[in-house]
Every structure is written in structure tokens, then in C-alpha cells.
Amino acid sequence: EGAMRDKLINASRTSRIAKIDLHGCTQEEAVEQLNEWEGVTMDAAMKGEYPFVVPAVIVCGGGTQILSELVENWIREKKNVANAFA
């Protein structure tokens, strides 16, 4: 968690856009990383300015679209995550 927090903090200092790249992850690894990333991103949003929103980019690659579908479902299940681009 510390490494992910450092990556997000460093990225947010320059762009305020949170990004996660899931290339090469299994479905289980992707969900685990997304859940950890959500917590770190929420912390960063709450330490920011009103309206406490951090734009985010989730990169899941191409191929069979398995991770894309997994991410889409993950976003739907999260009340604190909005999907601006399907």
C-alpha cells in the first residue's frame, strides 16, 4: 500500500489525475489493485479541495476485454466511483 500511495501522491502533485495500469494482471490481481487504489485515491481526494474529486484513468489494455469488463463492473459496484466514459 505504501508504494501505491507514493505513486499516487507523486502523480497528484503534478497533474491531480490518478492513474492505474492493469496490463498483465489476472482478474484477481486487478480487483485487489483496484480496491487498494480506491482507498488511496479517496484519501487523496479528501485531502484536496472541494468538491473532493480526483479525476482518474484506469488502463486495462486490449486483448480479450476481460479486464475491461471487470473494471466496468467494479465501477458499477462502487458508490464512490463515477464512470464518465464507458
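Residues numbered from 1 in each chain as written. Predicted model: local features only at pLDDT ≥ 70, side-chain atom pairs only at ≥ 80, totals over all residues. Heavy atoms only, no water.

## Structural notes on the environment of Gly48
Heads up, the rule is: What counts as a helix is a DSSP run of H or I of at least four residues, what counts as a strand is a run of E of at least two, and both are numbered from the N terminus. Per-residue accessibility, obtained with a 1.4 Å probe over protein chains only, is compared with the maximum for each type, and a residue is labelled buried under 20%, exposed over 50%, and partly exposed between these values.
The topology assignment puts Gly48 in the loop between α2 (27–46) and β2 (56–59). Using a relative accessible area of 24% as the deciding quantity, one classes Gly48 as partly exposed.

## Comments concerning the nonpolar core
For the record, the criterion: We define a nonpolar core as any set of buried Ala, Val, Leu, Ile, Met, Phe, Trp, Tyr and Cys residues linked to one another through side-chain atoms lying within 4.5 Å. In this description, contact between two residues means that some pair of their heavy atoms is separated by no more than 4.5 Å.
In terms of nonpolar packing, the biggest core is built from 15 residues, with Ile20, Leu22, Ala30, Leu34, Trp37, Leu67 and Val71 touching the most fellow members. The set of elements that each furnish at least two residues to this core consists of β1 (18–21), α2 and α3 (66–77). When neighbours within four sequence positions are excluded, Ala30 is seen to be in contact with Leu22, Cys25, Leu67 and Leu70.

## Things to note about the side chain of Glu38
The residue Glu38 is located in helix α2 in this model. By relative accessible area, which is 15% here, Glu38 ends up buried. Setting aside residues up to four positions removed in sequence, Glu38 forms contacts with Trp74, Lys78, Asn80 and Val81.

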